[in-house]
Every structure is written in C-alpha cells, then in structure tokens.
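Chains, contacts and geometry: an overview
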Amino acid sequence: MVLSERVRNVRPSGVRKIFDMARKVKDPVDLSLGEPDFDVPLALKEEAIRSIHLGFNKYTPSGGIPELREKILHYLRLRGIACEDVIVTPGVTGGLLLAFMVILNPGDEVVIPDPYFVLYEYQVFLLGGAPVFFDTYPDFTLKETELRRVLSDRTKVILINSPNNPTGVVYSRDELEMVARVAREKQLLVFSDEIYDRFTYDGGGVLNYFGQLYEHTLTFGGFSKDWGMTGWRVGFVAGPKAIIDSMVTMQQYVFSSVNSTAQKAALLALDYNTDDLIEGYRQKRDLVYEGLRDKFRVVKPGGAYYIFPEAPDGDGDGFVERALEKKLFIIPGSVFSRRGSHVRISFAAGEPAILKGIEILRSLV
Ligand code: PLP
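Criteria and cut-off values
Residues numbered from 1 in each chain as written. Predicted model: local features only at pLDDT ≥ 70, side-chain atom pairs only at ≥ 80, totals over all residues. Heavy atoms only, no water. Pairing = 2+ DSSP bridges. Helix = DSSP H or I, 4+ residues; strand = E, 2+ residues; numbered from the N terminus. Axes fitted to C-alpha atoms, helices over the stretch in contact; angles between N-to-C directions. Buried < 20%, exposed > 50% of the residue type's maximum accessible area, 1.4 Å probe, protein only. Polar contact = N/O pair within 3.5 Å; in protein donor to acceptor, adjacent residues only side chain to side chain. Phe/Tyr/Trp six-rings, centres within 6.5 Å; stacked < 30°, edge-to-face > 60°. Lys NZ or Arg CZ within 6 Å of the ring centre and 35° of its normal.

1. Considering the sheet that holds strand β4 (residues 130-135)
Pairing in this open sheet of seven strands is mixed, and the strands run β2-β8-β7-β6-β5-β3-β4 from one edge to the other. Each end of this open sheet is capped by a strand with a single partner; those strands are β2 (85-89) and β4. Between one strand axis and the next, the sheet turns by 20° as a mean value, whatever way the strands run. Sheet topology places strand β6 (residues 189-193) next to strand β7 (residues 217-222); four bridges connect them, and they run parallel.

Structure, rendered in structure tokens:
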C-alpha cells in the first residue's frame, strides 16, 4: 500500500458528499451550504483587482503583510481580546493546522464539545493527537461536569467554537468563564474559533469573545464568512507571541505565505460595515426558527447560520434520506457528532429556498 498510515482512517467529509449529490440534482432545495449566499462586497473586489493591476502579485511575508497584522491586532484589542501577536493564515483551516502542528505531541488530547465542526477531529488525528469529545446535548450549552469528566493528564487543549457550527448556539459569559476557570486550574491552552463572530443576532449583536477572559488563548478568525470571501482563503490566529512566532516559522514550510491580493482586500474588509448583511441573516434565522419550532425539538440559534433540530424519530440519517427524496439537501448530525439524532440545516440561502425547505421539513414530520 503506497498511502501513509496517517491517511488510512481519513474519510471524505460527509458534508462534501451532500454538496456533490446536490450538484447533480435538477432544482434542488439546498440548505446544506456552509458559506454565505451574498457575494464579496464590490469595494473589496475592486481593491483586490486594483492590487493585481498595481503588481501586488508576489510572495508576501510568512506572517502576513505587516499592515494587515497590525490592523487585525487593533481590531481584536478594541474588543478586549488578549493577544500579543497575530499571524495571517490560509483561512481558519490553515490556522488550525499550523496551531496543532506547533502544539501537539503524539498522543496529546484536544477536548472538543460535541457536536463540533468536522475538520477539528481530522486535523488532530492527522497530527498524531487524540480528539476527545464532551457532550453538550440537549441544549448545546457547555456543562462543567461533562467537561471535567473527559480531562486527563494528556489533555493539552480545549477547543471551543462560538457562534457554533453546526448548532448556531452562542456561548454565554458564564459558560466561557467556566471554561476559563477549568483551563486556568489545569494549565491548558484554549483554542477559540470565532469565525462567525459578526453573525450574532441577540444581545445587541455583541459577542463574548473567549480571549477577553484568559490569556493562554489562541483566537481564530477569518474573512470567509463575514465578507463572503470563502474562496479567497484568508484568516488569522492571534495569541501569545511565542506560539505565533513558531507558527510563522512553520508557515514558511507549509504554505509559504497567504494570497497577496486577498490580504489587501482583507485590510479593507475590517473597516467594511456588515450590519445590513447580518440583519438579513437575523431575519432568516427568525424565519427558519419560527417555521420549525412547533414541529421539531429545536434550540433557537443565536448566531452563525445553522439550526440543528432533532429528527422526529431520533434518526437523523434516515430523515436526511427522506428529505433528499423531496430534493431537500440538509446534513445528517452524525457528520458532526457521536450522536446521530439531529440534522444540520443551513439558512445561508435565499428566502424562497428557506420557505420551500421549511415546507418540506414540516411535511416530513
Ligand atoms: N471554523 C468553522 C467553525 C467553520 O464552520 C468553518 C467553515 O465552514 C471554518 C472554520 C473554515 O473557515 P476558513 O474558510 O477560514 O478556512
């Protein structure tokens, strides 16, 4: 066998499988997507094009262009987030990979609330670490007893994600303080994936960032979601200088540097007001929640653009198959969880698709 041991247990993402099926069907109702349905704002496109014409097309420094690093640090510090330095990475995906590379030794455990974004599990595996999950059902809040139950002397990192993919849940200040207390007591590092930070619908749209509470935090953020730049591949990781320095060194060998023109657009993006875009998503959230709440057991999402109801008979995979027969594409919860009872529905879609999706979902109960 030519393939490495490392890739033997890696399967293609279950999310991709659904995307690929949806592409082959005529007129699907596609509520499976993990990216916003709006395009990159015109001003940002123009900035990227302008930088191409000006010849900004070569390698950039491995840590990212200095003016962008500076601006991200300013953005984070304004929000009270502890960070000594920042690295620009090819999306949060690239940032997580570099962070795991510089932190994990073989067998080190990364504790992750379940349900979780699929990529975490596989990146930890690929780097020889062990993902360990703790349960957050049925309301998807972080519970201290569940967290403490899975800690061991191999635990090195707690990884949280708020607003959350796939549940849409936003963690409260109390939950974050609990995690900070446990992490401080056990001297653990916390990775906080806040890629959906602007997609926050309640509490005046103000997010509690984990880095406000604990200095040994790596804050992950990016430009994919807030400005619809998923294909441009820009994100960042901020935190303690020693860790960021190592990630910059690692980036020289892994990615070299990040897309030059996309960094120029990202520089402008941080000043770009996204309130209208987010308000549109708040309305979509209300539409889908109100459309499902009397028929499904479902937690109201406070952020991101996902809702994660329980399948009526507790069989998420079977429910997704029945939805597919009606050309509705959603993702089985088993892709994101040790449990298979729920389904992920994305409301990053136009209103007609959302309304049609609600109608189909209701007809299946
Ligand atoms: N983190 C979460 C929670 C996500 O949902 C996604 C994308 O769906 C990512 C990270 C990946 O982001 P990026 O495009 O910056 O690599």
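2. Focus on the environment of N259
With respect to the secondary-structure elements, N259 resides in the loop between α9 (241-254) and α10 (260-269). Judged by relative accessible area, N259 falls into the partly exposed class, the value being 39%. Along the chain, N259 and V179 lie 80 residues apart, while their C-alpha atoms are 35 Å from each other. A polar contact of 2.9 Å, which involves the side chain of N259, links it to the backbone nitrogen of A262.

3. Side note on the sheet that holds strand β11 (residues 331-332)
Pairing in this open sheet of three strands is antiparallel, and the strands run β9-β12-β11 from one edge to the other. Of all the strands in the sheet, the pair left with one neighbour each is β9 (306-307) and β11. Judged from the two bridges that link them, β9 and strand β12 (residues 343-346) form a sheet pairing that is antiparallel. When the bridges of β12 are listed, I307 appears paired with I345.

4. Side note on the packing of aromatic side chains
For the coordinates displayed, the defined rule picks out 19 aromatic pairs. Considering the side-chain rings of Y122 and F125, the 6.4 Å spacing of their centres and the 50° angle between planes classify their relative orientation as tilted. With Y122 and F125 both in helix α6 (residues 118-126), this residue pair falls three residues apart, about one helical turn. For Y122, a relative accessible area of 15% corresponds to the buried category. Their ring planes at 55° and their centres at 5.1 Å tell us that Y305 and Y306 sit as a pair that is tilted. Accessibility assignment for this pair places Y305 and Y306 in one class, buried. Taken together, the ring pairs in this structure connect F38, Y196, F199, Y281, Y305 and Y306 into an aromatic cluster. The ring centre of Y75 lies 3.7 Å from the NZ or CZ of R79, which sits over that ring. Of note, K264 hangs over the ring of F56, and the distance from its end group to the ring centre comes to 4.5 Å.

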